[in-house]
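The primary structure of each chain is shown beneath.
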Amino acid sequence: MKSGVQCRIHEAAMRLFARLGANRVNVSDLAEEAGVARGTIYNAVPNPDRLFEEVAGDLACEMQERVRVSIVEIADPARRLSCGIRLFLRRAHEEPQWGRFIVQFGFSNKSLRGLLTASSTEEIVKATDTGRYAIRPEQVTSMVAIIGGATLSGMMLVLEGYKSWREAGSEVAELILVSLGVDRAEAGEIARCELPELVQQ
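Residues numbered from 1 in each chain as written. Predicted model: local features only at pLDDT ≥ 70, side-chain atom pairs only at ≥ 80, totals over all residues. Heavy atoms only, no water.

Participant: Looking at this structure, how should I read the nonpolar core?
Facilitator: Generally speaking, a soluble globular protein has its nonpolar side chains buried in company with each other. Grouped together as the largest cluster of nonpolar side chains are 60 residues, with contacts concentrated most on Trp98, Phe101, Tyr133 and Leu177. When residues no more than four places from it in sequence are discounted, the contact partners of Trp98 are Met14, Leu59, Met63, Phe88, Arg91, Ala92 and Met155. (Core = buried A, V, L, I, M, F, W, Y, C linked by side-chain atoms within 4.5 Å. Buried < 20%, exposed > 50% of the residue type's maximum accessible area, 1.4 Å probe, protein only. Contact = heavy atoms within 4.5 Å.)

Participant: Explanation requested: the packing of aromatic side chains in the structure shown.
Facilitator: Two aromatic rings are characterised by how far apart their centres lie and by the angle between their planes. This structure, assessed with the given rule, holds six aromatic pairs. Taken together, a centroid distance of 5.1 Å and an interplanar angle of 85 degrees make the contact between Phe17 and Phe52 edge-to-face. In this pair, Phe17 sits in helix H1 (residues 4-20) while Phe52 sits in helix H4 (residues 51-70), placing the two residues 35 residues apart along the sequence. Given a relative accessible area of 4%, Phe17 falls into the buried group. A residue is classified by how much of its surface remains accessible, and Phe52, at 12% relative accessible area, is buried. Geometrically, the ring pair formed by Phe88 and Trp98 is tilted, given 6.1 Å between the ring centres and 40 degrees between the ring planes. Placement of Phe88 in helix H5 (residues 77-94) and of Trp98 in helix H6 (residues 96-105) is noted, with a sequence separation of 10 residues between them. As far as the burial class goes, Phe88 and Trp98 line up, both buried. (Phe/Tyr/Trp six-rings, centres within 6.5 Å; stacked < 30°, edge-to-face > 60°. Helix = DSSP H or I, 4+ residues; strand = E, 2+ residues; numbered from the N terminus.)

Fair warning: the whole summary comes from geometry, so function is off the table for now.
Have a look at this one:
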């Protein structure tokens, strides 16, 4: 369990990494962004060189769990997928610094790649086996990659102001469901179904 100071430092680090890049944040910048002394950074962060990986891992675990709990009552895999995509885009709108971090490092960081693909793979396999999705088993890995890429691209559209999170979320979810073999009319309805709240941790 992280202390309040550690959480504050991690949030400051996330903002700096999103602005400056993974290898350009030093202890002085971090102390200033977090509003603490340099000594506090050294006391609260045992290995500053590992801070980026810690922040990425924390963000991945936290969002995975929040989405999992938020959609746990939804049985249909297509609705679960639609809601999961849209929850990411809504959070990017509500927390732009979080969104920028995920978009910037979503493909290059292992923890964040897992955030976008881990839960999808098993669900897509099951939904394909039951006939809910009309893709071949050997296409699952590519489909998971497409979902991750489309979600990141949708987040970018929101962050850059090209689309609202509702527009981008519904459009990305609908296009993904159609590519999975869901009827277009049904995909459109599912992509605009009521969205559960993202459960707080």
